There are 2 protein chains.
Amino acid sequence: MKCRRCRGPAVIDIRRHNAAFCGECFVRHCREQVRRAVDAFEMIAPGERVLMAVSGGKDSLAAWDILLDLGYACDGLYLGLGIEGATAGHVTGDGQQYSKTSGEFARAYAHTRGAHLVEIDLPGDVGFDIPGAAAAVRRAPCGVCGLSKRHLFNRAALDGGYDVVATGHNLDDEAAVLLGNVLRWDGPYLGRQFPVLPATPGFVRKVKPLVRLTEREMAAYCVLRGIDYVVDECPMAAGNRHLAYKDLLNDLELRSPGAKASFLFSFWERGWSHFAADAEGERTELRPCASCGSPTPDEVCAFCRLVQRVG
Amino acid sequence: MKCRRCRGPAVIDIRRHNAAFCGECFVRHCREQVRRAVDAFEMIAPGERVLMAVSGGKDSLAAWDILLDLGYACDGLYLGLGIEGATAGHVTGDGQQYSKTSGEFARAYAHTRGAHLVEIDLPGDVGFDIPGAAAAVRRAPCGVCGLSKRHLFNRAALDGGYDVVATGHNLDDEAAVLLGNVLRWDGPYLGRQFPVLPATPGFVRKVKPLVRLTEREMAAYCVLRGIDYVVDECPMAAGNRHLAYKDLLNDLELRSPGAKASFLFSFWERGWSHFAADAEGERTELRPCASCGSPTPDEVCAFCRLVQRVG
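Here we summarise the structure given alongside this text. The structure displayed is predicted, hence computed values, not measured ones.

Broken down by element type, chain A carries 13 helices and 10 strands. Compactness check: chain A gives a C-alpha radius of gyration of 20 Å against a globular reference of 19 Å for 311 residues, within 12% of the reference. Overall, chain A is about 60 × 45 × 45 Å in size when its C-alpha atoms are taken along their principal axes. In chain A, which comprises 311 residues, the proportion classed as buried is 53%. Relative to all contacts within chain A whose residues are 6 or more apart in sequence, the contacts with residues 24 or more apart total 68%. About 14,300 Å² of surface is accessible on chain A, with carbon and sulfur atoms providing 51% of the total. Positive and negative charge centroids in chain A, built from 37 and 38 side chains respectively, lie 4 Å apart.

What follows is the structure, given as structure tokens:
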């Protein structure tokens, strides 16, 4: 197996591209895939400041690494979720220290690279952790976590004067979300699923620079670049539907290499526009949250309501 | 396990309905599902004459049986495809006599029921068989077969004065086709996928009365009603993509019972309308085929071109 580019010995084979790469050419290939995604979807304009949300996992650390290498002014943002065994039934083994370990990997990468990492600690700075909050409001932890991340990422970007928040969602993540949205034919969700969410008053732009790269590729990237990351899935996500959809798409990909990427990209080329109006139709008038000032359709925004209920 | 309706001993369990049925109540349940599909999609008006396309398999024989029991004036149409070992590489074992056996089951059912069966024999009446035609034009047999069926079903309905052609496509078939269309985000195909194709000049209405019933349910129906049918899949279809999509959806259904039906029916409720214009956009002006008179965008229709090339 020879590298498609330099004809040296290859270390990774990408079946959907029908190509193999040596380590150096693979790293360059990953950068080019991010470059293509950023350009095609106009994710980041020249001179803009980017805040990369890093979890300590492979995807977000790889994305940060690539954005820095592509020359973007990109700081990291680590949000400590307080997932460390608070719900003993869910968390086992290494999961006991999940958030602590994740934070250490994010800090270590920032240190090695000499990059700036913004940190927010949910228990210390806001007053609750995800397992405790989920139990208190009797909701699935992934829902409470997503709500908190959306709010705090945006607030941190506004406070720090960043133009755009980037997240580490990869091709597998997006394809699994798309499959879930399609199985329910959820028009508003389909209309909102796009690699760029434009800025609106009170909200910075959000972008997903890894949409052209898979989980497996990001793991290989981190190994080849010597980036240490937390390997375990979040212990609270075990058994969720998203993971089942990933399995189904992996089965499909095994039978027809390229099918997963084609499903996702043909959606953005030909499917998405059919549902854009569904997402628009859901927008209601927004006013400042009485507690934090974020735009919200309600008196108090969903995050501040969560803080009030849990605090 | 007790029958949901009569509390007698149940013989079949339908997980997506969270219900079990005894034989008699299950047969009634199947009839009601067809009744609901026919009514909801306005498939057949009172007094209309129906031509049921029967292959000799479980689905189309069950559909014919149910439409007769519901009181419709419904004749059968059997099309002999000449699949009997012409392509030795594809056909093995029982497949050697696939079309011959299929025809016998269709005739036996019609005889038992005292129903009228229209017969067309592709080799005898038109001059080619599916394996031979596929080889001659170097196309996949399923494509040549579909083209021939669409043309000949419609011609037989027009010649016999029928108002509507019914086919035995079930919930599994339709969900698999939908998955294939969605994986490619094929707008025109999505826009045409509906349980009723309305009549247009030169084409009778086409309907799929089994869309609310699965393959497994139709097999059980035939067993319970004592209807003998050809069990093998068509030997030429082995390994096609449609079957792989069925496998994927069966995996999904196993994990979340009801997911397959929800995928299909939420498409018709909320997804389909988004693509209706894509199908309209593809329509071009039609004129009579120079050879057979069927409406076609070309000088000679696709079926007559096939006959000319193969003959």
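All names here are of chain B. The strand order β5-β4-β3-β6-β8-β7 describes an open sheet built from 6 strands, whose pairing is mixed. Two strands bound the open sheet, and with one partner strand each, they are β5 (117-121) and β7 (196-197). Direction of pairing for strand β4 (residues 73-80) relative to β5: parallel, over a ladder of 5 bridges. Each bridged residue has a counterpart across the sheet, and for Leu 79 the counterpart in β5 is Ile 120. Along the sheet face, helix α3 (residues 98-113) touches β3 (49-54), β4 and β5 and points at about 160° away from the line of β4.

Here we take up the relation of the copies chain B and chain A. When chain B is brought onto chain A, the operation consists of a screw motion whose angular component is 180° and whose axial shift is 0.0 Å, with 0.0 Å RMSD remaining. Given the turn and translation reported, the copies of this chain are related as if by a two-fold rotation axis. Relative to the rotation axis, the closest C-alpha in chain B is found at His274(B), a distance of 2.9 Å.

Right, let's talk about the nonpolar core for a bit. Trp64(A), Trp185(A), Trp64(B) and Trp185(B) are the most contacted members of the largest nonpolar core, which totals 139 residues. Not counting residues up to four positions away in its chain, the partners in contact with Trp64(B) are Met52(B), Val54(B), Cys74(B), Asp75(B), Gly76(B), Ala106(B), Tyr109(B), Ala110(B), Ala115(B), His116(B) and Leu117(B). Counting residues in hydrophobic clusters, the runner-up holds 33 residues, among them Ile130(B), Val144(B), Cys145(B) and Leu306(B).

What follows concerns the environment of Asp232(A). Residues and elements named next belong to chain A. Residue placement: Asp 232 occurs in the loop between α9 (215-225) and α10 (241-255). On the basis of relative accessible area, Asp 232 is assigned to the partly exposed category, the value being 38%. Residues Asp 232 and Ser 102, 130 residues apart in the sequence, show an inter-C-alpha distance of 9.7 Å.

Another point: the sheet that holds strand β5 (residues 117-121) of chain A. Residues and elements named next belong to chain A. Read across the open sheet, the 6 strands follow the order β5-β4-β3-β6-β8-β7; overall the sheet is mixed. If you trace the sheet from one side to the other, it starts and ends with β5 and β7 (196-197), each paired once. Note that β7 and strand β8 (residues 205-207) share 2 bridges and pair antiparallel. In the sheet register, Leu 197 faces β8, and the bridge partner there is Lys 206. Here helix α3 (residues 98-113) sits on the sheet in contact with β3 (49-54), β4 (73-80) and β5, set at roughly 160° to β4.

Now for the packing of helix α7 (residues 171-184) of chain B against helix α11 (residues 259-271) of chain B. When two helices pack together, their arrangement is given by the angle between the helix axes and by the axis-to-axis distance. Residue and element names in this part refer to chain B. Here α7 crosses α11 at 70°, and the two axes come no closer than 9 Å. The angle between α7 and α11 places the two elements in the roughly perpendicular class. Here the hand of the crossing between α7 and α11 comes out left-handed. Residues Leu 171, Asp 172, Glu 174, Ala 175, Leu 178 and Leu 179 of α7 form the contact with α11, whose own contacting residues are Lys 260, Ala 261, Phe 263, Leu 264, Phe 265, Phe 267 and Trp 268. Of the residues in the contact of α7 with α11, the class split is 10 nonpolar, no polar and 3 charged.

Turning next to the packing of aromatic side chains. Residues and elements named next belong to chain A. One pass over the structure, following the stated rule, counts 24 aromatic pairs over all chains. Measuring from ring centre to ring centre gives 6.3 Å for Phe 194 and Trp 268, while their planes differ by 75°; the resulting arrangement is edge-to-face. Of this pair, Phe 194 sits in the loop between α8 (187-192) and β7 while Trp 268 sits in helix α11 (residues 259-271), and the two are 74 residues apart along the sequence. With respect to burial, Phe 194 and Trp 268 carry one shared label: buried.

What follows covers α3(B). All names here are of chain B. Here α3 contains 16 residues, and its C-alpha end-to-end distance of 23 Å stays within 8% of the 22 Å for a straight helix at 1.5 Å per residue. Buried within α3 are the following residues: Tyr 98, Ser 99, Ser 102, Gly 103, Ala 106, Tyr 109 and Ala 110. Along α3, the residues classed as buried sweep out an arc of 125° about the axis, all on the same side. In α3, the exposed positions angled more than 90 degrees off the buried face are occupied by His 111 and Thr 112. Its buried side turned inward, α3 meets β3, α2 (58-69), β4 and β5. Looking one or two residues past α3, Gly 114 carries a phi angle of roughly 65°, positive in sign.

The rules behind these values
Residues numbered from 1 in each chain as written. Chains lettered and ligands numbered in written order. Predicted model: local features only at pLDDT ≥ 70, side-chain atom pairs only at ≥ 80, totals over all residues. Heavy atoms only, no water. Helix = DSSP H or I, 4+ residues; strand = E, 2+ residues; numbered from the N terminus. Rg over C-alpha atoms; globule rule 2.2 N^0.38 Å. Buried < 20%, exposed > 50% of the residue type's maximum accessible area, 1.4 Å probe, protein only. Contact = heavy atoms within 4.5 Å. Areas by Shrake-Rupley, 256 points an atom, 1.4 Å probe, with all protein chains shown as cover. Lys, Arg positive; Asp, Glu negative; His and termini not counted. Charge placed at Lys NZ, Arg CZ, Asp CG, Glu CD. Pairing = 2+ DSSP bridges. Axes fitted to C-alpha atoms, helices over the stretch in contact; angles between N-to-C directions. Least-squares fit on C-alpha atoms with pLDDT ≥ 70 in both. Core = buried A, V, L, I, M, F, W, Y, C linked by side-chain atoms within 4.5 Å. Parallel < 35°, antiparallel > 145°, perpendicular 65-115°, else oblique. Left-handed = near helix turned anticlockwise from the far one by under 90°. Nonpolar A, V, L, I, M, F, W, Y, C, P; charged D, E, K, R; others polar. Phe/Tyr/Trp six-rings, centres within 6.5 Å; stacked < 30°, edge-to-face > 60°. Expected span 1.5 Å × (residues − 1). Arc of directions from axis to C-beta.

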